[in-house]
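Chain by chain, the residues:
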Amino acid sequence: HRRGTAYSLFNRPFGGSEVLLEYVPNTEYTFNISGSENFTPTTISLISPASLINITSHNHSDLIDPHQDLTFTWDGGNSEGKIAIRVMAHFNPKHLGGMKGKHHPGIHPPGPRPGSAVVIILDSNPGQYTLTAEQIQNLISELGVDKIVIDVSQFDLGEVEDEGKVLHTAMRNGTSVMLKIQ
């Protein structure tokens, strides 16, 4: 049974929490946890990254040629940490004239397509990655895919022991960009 609290730098829909924090580079954030009947009060500290990850090679809605390899670049994050890249197909059911709030069996609503993603884990933070044209073609091969979403993230995972229990912490530093298929 897992429960926890998420904090974010951004409001929904981009952030994962209603509890907003101000980003300050290389700063210790201390969280005082009140506890419960199954969990004693404790304090957890996390250090923020030196800089936020930012995709620098593309802006939202840039056009890409799906028949060409796609190199994208970013800056920020920690140089020694692993990078997670997720590229998802964005589905737009144009052939239905839009969803207009209706459910059509077997047809997915607009947005990221469930199960249609390429996930790459890099052992370091090189600041760039190239998707092959074949990877892009595989993502967009389904009818209605008109965009892809590229997400670049770095996670700082930790463990804190408290009265014989291990508490897991995670800090995500990431950004995404949606690109139109030409």
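Residues numbered from 1 in each chain as written. Predicted model: local features only at pLDDT ≥ 70, side-chain atom pairs only at ≥ 80, totals over all residues. Heavy atoms only, no water.

1. Comments concerning the pairing of strand S5 (residues 70-75)
Here is the rule: In this scheme, a residue with accessible area under 20% of its type's maximum is buried, one over 50% is exposed, and one in between is partly exposed, where area comes from a 1.4 Å probe on protein chains only. The helix and strand labels rest on DSSP assignments: H or I over at least four residues marks a helix, E over at least two residues marks a strand, and numbering proceeds from the N terminus. Two strands pair under a simple rule: DSSP has to find at least two bridges between them.
A one-sided burial pattern is seen for S5, the buried positions being Leu70, Phe72 and Trp74 and the unburied ones Thr71, Thr73 and Asp75. Judged from the two bridges that link them, strand S3 (residues 54-55) and S5 form a sheet pairing that is antiparallel. Directly across from Ile55, in S5, lies its bridge partner Trp74. The sheet contact formed by S5 and strand S8 (residues 128-131) spans four bridges and is antiparallel. Residue pairing in the sheet places Leu70 in a bridge with Leu131 of S8.

2. What to know about the nonpolar core
Short version of the rule: Among buried residues, those of type Ala, Val, Leu, Ile, Met, Phe, Trp, Tyr and Cys that are joined through side-chain atoms within 4.5 Å constitute a nonpolar core. Contact definition: two residues touch when any of their heavy atoms are within 4.5 Å.
Formed by 25 residues in total, the largest nonpolar core has its most connected members in Trp74, Ile85, Ile148 and Ile150. Listing elements by their share of this core, those giving two or more residues are S5, strand S6 (83-91), strand S7 (111-122), S8, helix H1 (133-140), strand S9 (145-162) and strand S10 (165-181). In this view, Ile148 contacts Ile64, Leu70, Val87, Met88, His90, Ile140, Val177, Met178, Leu179 and Ile181; residues no more than four positions away in its chain are not counted. Judged by nonpolar contacts, the second largest core, of six residues, contains Phe31, Ile44, Leu46 and Leu167.

3. Comments concerning the packing of aromatic side chains
Our working rule: Stacked, tilted and edge-to-face are the three classes assigned to paired rings of Phe, Tyr and Trp, where Trp is represented by its six-membered ring and a pair needs centres within 6.5 Å; plane angles under 30 degrees give stacked, over 60 edge-to-face, the rest tilted.
According to the stated counting rule, one finds two aromatic pairs in the structure shown. When the centroid spacing of 6.1 Å and the interplanar angle of 35° are considered together, the rings of Phe72 and Trp74 count as tilted. Trp74 gets classed as buried once you look at its relative accessible area, which sits at 4%. The interplanar angle of 55° and the centroid separation of 6.2 Å between the aromatic rings of Phe72 and Tyr129 together place this pair among those described as tilted. Of this pair, Phe72 sits in strand S5 while Tyr129 sits in strand S8, placing them 57 residues apart in sequence. Relative accessible area serves as the criterion here: at 1%, Phe72 is assigned to the buried category. Put simply, the rings of Phe72, Trp74 and Tyr129 pair up and form one aromatic cluster.

4. Focus on the side chain of His58
Note the cut-off: Any N or O atom pair separated by 3.5 Å or less is treated as a polar contact, with the protein-specific requirement of one donor-capable and one acceptor-capable atom, and with residues adjacent in sequence counted only for side-chain atom pairs.
For His58, the location among the structural elements is in the loop between S3 and strand S4 (63-64). Owing to a relative accessible area of 13%, His58 belongs among the buried residues under this scheme. A polar side-chain atom of His58 sits 2.8 Å from a polar atom in the side chain of Ser57. Among all residues touching His58, those that are not within four sequence positions of it are Ile64, Leu70, Thr71, Phe72, Val177 and Leu179.

Everything listed here is a matter of geometry and, on its own, says nothing about what the molecule does.
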